[in-house]
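So you can see what is in the structure, the chains are spelled out below.
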Amino acid sequence: MEKTYRPLDIEQRHYANWEASGYFAPSGDGEPFCIVIPPPNVTGTLHMGHAFQDTIMDALTRFHRMNGRRALWQPGMDHAGIATQMVVERQLNAEGLSRTDLGREEFVRRVWQWKQESGGQIAQQLRRMGASVDWSRDRFTMDDDLTAAVTRVFVDLYDEGLIYRGKRLVNWDPVLHTALSDLEVLQEDEAGHLWHFRYPLADGDGHLAVATTRPETMLGDSAVAVHPDDTRYTHLVGREIDLPLVGRRIPVIADEYVDPEFGTGCVKITPAHDFNDYDVGLRHDLPLYNILDDNAAISDAAPTPYRGLDRYVARDRVVADLDAQGLLEKTEDYTRKVPRGDRSGAVVEPYLTNQWYVKIGPLAKPAIEAVETGRIRFVPENWSKTYFDWMHKIQDWCISRQLWWGHRIPAWYDGSGNIYVAESEAAARAKYELADDVALIRDEDVLDTWFSSALWPFSTMGWPEQTESLKTFYPGTVLVTGFDIIFFWVARMIMMGLKFAGDVPFREVYIHGLIRDQDGQKMSKSKGNVLDPLDLIDGVSLDTLLEKRTRGLMQTHLKPAIEAATRKQFPNGIEEYGADALRFTFAALATTGRDIRFDLGRIEGYKNFCNKLWNAARYVHMNTVNMDDADAEFGAADRWIRSRLAKTIADVHGHFATYRLDLAAQAIYDFTWHEFCDWYLELSKPVLQSDEALAADKQGARRTLVDVLEALLRLLHPIMPFITEEIWQQTRRHAGIAGETIMLRPFPQSADFGADEDAEADIGWVQQFILGIRQIRGEMDISPGRALPVLLQGASAADRQRADRHATLLARVGRVESVRHLADDEQAPPAATALLGDLRLLVPMQGLIDVAAERTRLGRQRDRLQADLGKARGKLANDRFVNNAPPDVVTQERERVAEFERRLGQLAEQLEKLDSLEQTTTLQADNS
RNA sequence: GGGCGAUUAGCUCAGGGGUAGAGCGCCACGUUGACAUCGUGGAGGUCGGUGGUUCGAAACCACCAUCGCCCACCA
């Protein structure tokens, strides 16, 4: 092995081998385990959120696979209707073409071509992350069989009356020219105005005032509403208004919807362009005036002067015209919510169109129950509340989109506008017994991308065929996803799964947090703070990083600031950390449900951890060449590390079971670094490097080194697959283990290594001994290389035994030159002191130790002890504590006080000696 | 307007009714044949504030502050 760990040399080699060997496919006959990947957009590239999520899913999959489960991580991609169509349309625009120039068929062909050539980069990036997805089952939401599943679901829902077509207000994106669902519309605060207009009463008896943020919509007003209990306006209800600019007579109506406290208490009602007004219109049977067209320009339904004007031009014109007529009362500054399409960013209009809807109530009810009854569990459980909140007030889902890329709606119309829904035109003719000469035209619309995503857990398994996969891997075990798509995706999968696959789609939903930058900001292209996971794996130069962060920037004025910030944070670019360090970082930060600030310090530290492991392995391998089957005797240190490993393994199992990858990572890290490397490796050296040590003892140490390392690699494999495989390929030979890959070896079990309390106590004593000596050495500035003589005072029989038994360890690891027991009546020489229970470790001072420094050191210890003692005594002096606290707590407190007192006594004695010593020294100095 | 979350060492974060933790950073010393991507020792926190429950609160409860997120039709 090389002296230092170099990730890039090894990672890609192993992945290629795993994939080629078919290791990712489910195998064996264990209990099935299944995770479906949240299908990334075909247009997408891997970002930090993916990398984080994929790390979690891969760690879980590898863990369960190693535990004997028939594990499937189902990969695939989403056709991403709007996003993909936008990408290809942009390309066309660059060629001076539009999609209408091409026509639908040719355009769709172009999209497929784009997908073949440049779609799905993310699949390669997933490989770099080490994702053990079963590529042989890769699926795309537009594949023929998945499309068939979509069509089938649509037809079944339609036949059952759960899909309907209706004309009502939808969120209309005037740039993309499509309807959007409520979820795809983001409400954003924007500065605007509130205009107060006077509307003259038709009988010439004055006017009333209305306030609006959208003056142009007054062209479509059907009424003015007041609150029924608003006595200011009771006399106006039932009278009419002369609508200015339009010349229409509209009524004044009373409706509970109006808030008398707001504005003037009079609301203009525009049923065709506002969701609330639409409802008011329905209640009062008001006419709808659709004054906009598909581009959100003023339509022919409005008076001639405004026709064809953009909505914002029309707004200015309306305000000016009303002002000219003296009808503008006042203009206030006002912040309002502006709805924008989440893809286009365009301001969305409530717009009257024909669309397809899913009647959601009957689907939502069982989906709510599934979570209420615990058939599906959210982790952390808190998120079920978010789920319920949304599900209880869920609205019908608008599923039609006026796009070309997507699953085309399986509905046909005849000349009279009758609708026929079936799997195909032929099926429709058969189903509805239509004559061949009836001309049918297919609906132009496609389905919301999320419609097919909702079927993902069973469509990928071959549904509606009752395939072996479906039977085995549905329901899935756990879904791993971000809270941002609980509504978009999780809820809809639950509804569709229950409806069509006969069961919940997964048993648990693990919700993880968002990856943010070091300042807690969301990573986004426009902020220029994006980190590319591949750059963390491979490293990147500053120049490349600057280029990536500023390329294609919309707001070019931010470029200098982004460059400056990037130069400041990454003056030398980003070094190469490797996929394992990145994965370990994600795992260590994966506390459930909480957002994560990505900290480069952490990944740096975990790369060092890789190096630590690497070098520990080098040491183990170095000492275990040509292992034979000679008899082995396990010494205390061997039994100790085995016991510690058993404990760690048990902890890791527990942490995986509760999805606490952070705690699992922490437990492994601590064991590896602070127990195996810091202690066991050091403790093994005296045995292995000694000429006197018995062959069986040496064999015991060798056996332990290689056994523990080998198990540790398996323990770590789910989080760090590459480095563990690389090392394991050597370790297995030393350990005499068969098997071609660590991936398919069993996950360690606690019982493989027994707990050993005696060994833990024994080595615990050795550690305390050595730590005591080290502390003296460190604080007294004694060279680490210098071996120290140690005197033991007040040793019990057990202390004597241990000191003898572990003399070699103390000598070598503690750098102790000699250990001598002071006789009971023997006067201790001046010495630096460490306490180990009743035992005192004395390091004679002669020529070694500065008396004043030792006194300061002991004084500090004494102060600390006294503070603790004071607190403990205070508690015991409190009757209410003694009477009310649990007896064991009181006992424990008494023991602490005794312990503090004993140690304080020892320290006081030592300090006294130092005092007298110093006096002597001073005396001598005076005399000379 | 509702709801949720966060606030612990300089930074990033665990923890959790009785003794405050890790990594990074900091200080000192150190080339002991696994590792300087390291070793050894050390410094550093009245756990956001106030009140309550309790023998005991950093932890539980209430309120407040600050920050963040989600949902919602006030023109």
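Residue positions within a chain follow its written sequence, with the count starting from 1. As a convention, the first chain written is A and the first ligand written is 1, with the rest following in written order. Restriction of local features to residues with pLDDT of at least 70 applies here, the model being predicted, together with a cutoff of 80 or more for giving and counting side-chain atom pairs; totals for whole chains, interfaces and linings are based on all residues. Only hydrogens and water are removed before side-chain values are computed, so all heavy atoms of the structure are retained for them.

Engineer: Honestly, the protein's contact with RNA strand B in this entry has me stumped. Any pointers?
Structural biologist: Around RNA strand B there are 61 residues in total, and Phe 262, Lys 393, Thr 591, Arg 594 and Trp 673 lie nearest to it. Any pair of nitrogen or oxygen atoms within 3.5 Å is treated as a polar contact; in protein, a donor-acceptor pairing is required on top of that, and neighbouring residues in sequence qualify only through side-chain atoms on both sides. In this structure, Asn 608 approaches RNA strand B through a side-chain N or O atom, which is 3.0 Å from a phosphate oxygen. To be near a molecule or strand, a residue needs just one of its heavy atoms within 4 Å of it.

Engineer: So what exactly am I meant to see when it comes to the sheet that holds strand 13 (residues 328-341) here?
Structural biologist: Across a sheet, strands are paired by hydrogen bonds formed along the backbone, either parallel or antiparallel in direction. A strand pair is defined by DSSP finding two or more bridges across the two strands. Here a strand is any run of E in DSSP of at least two residues, a helix any run of H or I of at least four, and the numbering for each starts at the N terminus. Strand order across the open sheet formed by three strands is 8-7-13, with antiparallel pairing between neighbours. The sheet is open, and its two borders are formed by strand 8 (207-212) and strand 13, each paired with just one other strand. Here the strands of the sheet are splayed against their neighbours by 20 degrees on average, with no regard to which way each runs. Throughout, a contact is declared for two residues whenever any of their heavy atoms are within 4.5 Å. Axes, fitted as lines to C-alpha atoms, cover a helix only where it is in contact. Angles between the N-to-C directions of the axes lie from 0 to 180 degrees. Packed on one face of the sheet, helix 9 (residues 311-324) meets strand 7 (185-200) and strand 13 and runs near 20 degrees to strand 7.

Engineer: Please clarify how the pattern of salt bridges should be interpreted in this entry.
Structural biologist: Oppositely charged side chains can form a pair if their charged atoms are brought close together. One speaks of a salt bridge when a side-chain nitrogen belonging to Lys or Arg is within 4 Å of a carboxyl oxygen belonging to Asp or Glu. Taken as a whole and assessed by the stated rule, the structure comprises 65 salt bridges. For Arg 62, the salt bridge goes to Asp 58, with nearest N and O atoms at 2.7 Å. In this pair, Arg 62 and Asp 58 both sit in helix 2 (residues 48-66), four residues apart, roughly one turn of the helix. Comparing Arg 62 with Asp 58 shows no difference in burial state: the two are buried. Only protein chains enter the calculation, and the probe is 1.4 Å; a residue is then buried if its accessible area is under 20% of its type maximum, exposed if over 50%, and partly exposed in between.

Engineer: Is there a simple way to think about the packing of helix 7 (residues 144-159) against helix 16 (residues 486-501) in this case?
Structural biologist: Helix packing geometry: the angle between the two helix axes and the distance between the axes. The N-to-C vectors of helix 7 and helix 16 enclose an angle of 80 degrees; their axes lie 12 Å apart at closest approach. Put simply, helix 7 runs roughly perpendicular to helix 16. Contact residues: Val 153, Asp 156 and Leu 157 in helix 7; Met 496, Lys 499 and Phe 500 in helix 16. Grouping the amino acids of the contact of helix 7 with helix 16 by side-chain chemistry returns four nonpolar, no polar and two charged. With respect to orientation, any angle under 35 degrees is reported as roughly parallel, any angle over 145 as roughly antiparallel, any angle of 65 to 115 as roughly perpendicular, and every other angle as oblique. Throughout this entry, Asp, Glu, Lys and Arg are counted as charged residues, while Ala, Val, Leu, Ile, Met, Phe, Trp, Tyr, Cys and Pro are counted as nonpolar. The remaining residues, Gly among them, count as polar.

Engineer: Just to check I follow, could you spell out the packing of aromatic side chains for this structure?
Structural biologist: The geometry of an aromatic ring pair is captured by two quantities: the separation of the ring centres and the angle between the planes. Stacked, tilted and edge-to-face are the three classes applied to pairs of Phe, Tyr and Trp rings, where Trp contributes its six-membered ring and a pair requires centres within 6.5 Å; stacked means planes under 30 degrees apart, edge-to-face means over 60, and tilted covers the rest. This model, assessed by the stated rule, comprises 40 aromatic pairs. Relative to Phe 769, the ring of Trp 765 lies with its centre 5.5 Å away and its plane at 50 degrees, an arrangement referred to as tilted. Of this pair, Trp 765 and Phe 769 both sit in helix 26 (residues 757-779), four residues apart, which is roughly one turn of the helix. Look at Trp 765 and you get buried, because its relative accessible area is 6%. Members of the aromatic cluster, connected to one another through ring pairs, are Phe 154, Tyr 158, Trp 356, Trp 397 and Phe 451. By definition, being over a ring means that NZ of Lys or CZ of Arg is both within 6 Å of the ring centre and within 35 degrees of the ring normal. Positioned over the ring face of Tyr 289 is Arg 248, at 3.5 Å from the centre of the ring. The residue whose ring lies beneath Lys 685 is Tyr 619, and the NZ or CZ to ring-centre distance is 5.4 Å.

Engineer: Explanation requested: the nonpolar core in the structure shown.
Structural biologist: Looking at soluble globular proteins, one finds that nonpolar side chains tend to be buried together. Each nonpolar core is a collection of buried residues, namely Ala, Val, Leu, Ile, Met, Phe, Trp, Tyr and Cys, held together in the definition by side-chain atoms within 4.5 Å. Phe 598, Phe 676 and Phe 769 are the most contacted members of the largest nonpolar core, which totals 169 residues. Of all the elements, helix 23 (residues 661-688) adds the most residues to this core, at 14 residues. What Phe 769 contacts, discounting residues up to four positions off in sequence, is Val 790, Leu 792, Leu 810, Val 816, Val 819, Leu 836 and Leu 841. One finds Tyr 387, Ile 399, Ile 409 and Val 504 within the second-largest nonpolar core, a separate group that totals 64 residues.

Engineer: Can you walk me through the sheet that holds strand 14 (residues 349-358) in this structure?
Structural biologist: One open sheet accounts for four strands, arranged 6-5-14-16; its pairing is antiparallel. Every other strand in the sheet has two partners, leaving strand 6 (178-180) and strand 16 (397-398) as the edge strands with one partner each. Here 10 bridges tie strand 5 (residues 163-173) to strand 14, and the two strands are oriented antiparallel to one another. By the bridge assignment, Gly 166 is partnered in strand 14 with Gln 355.

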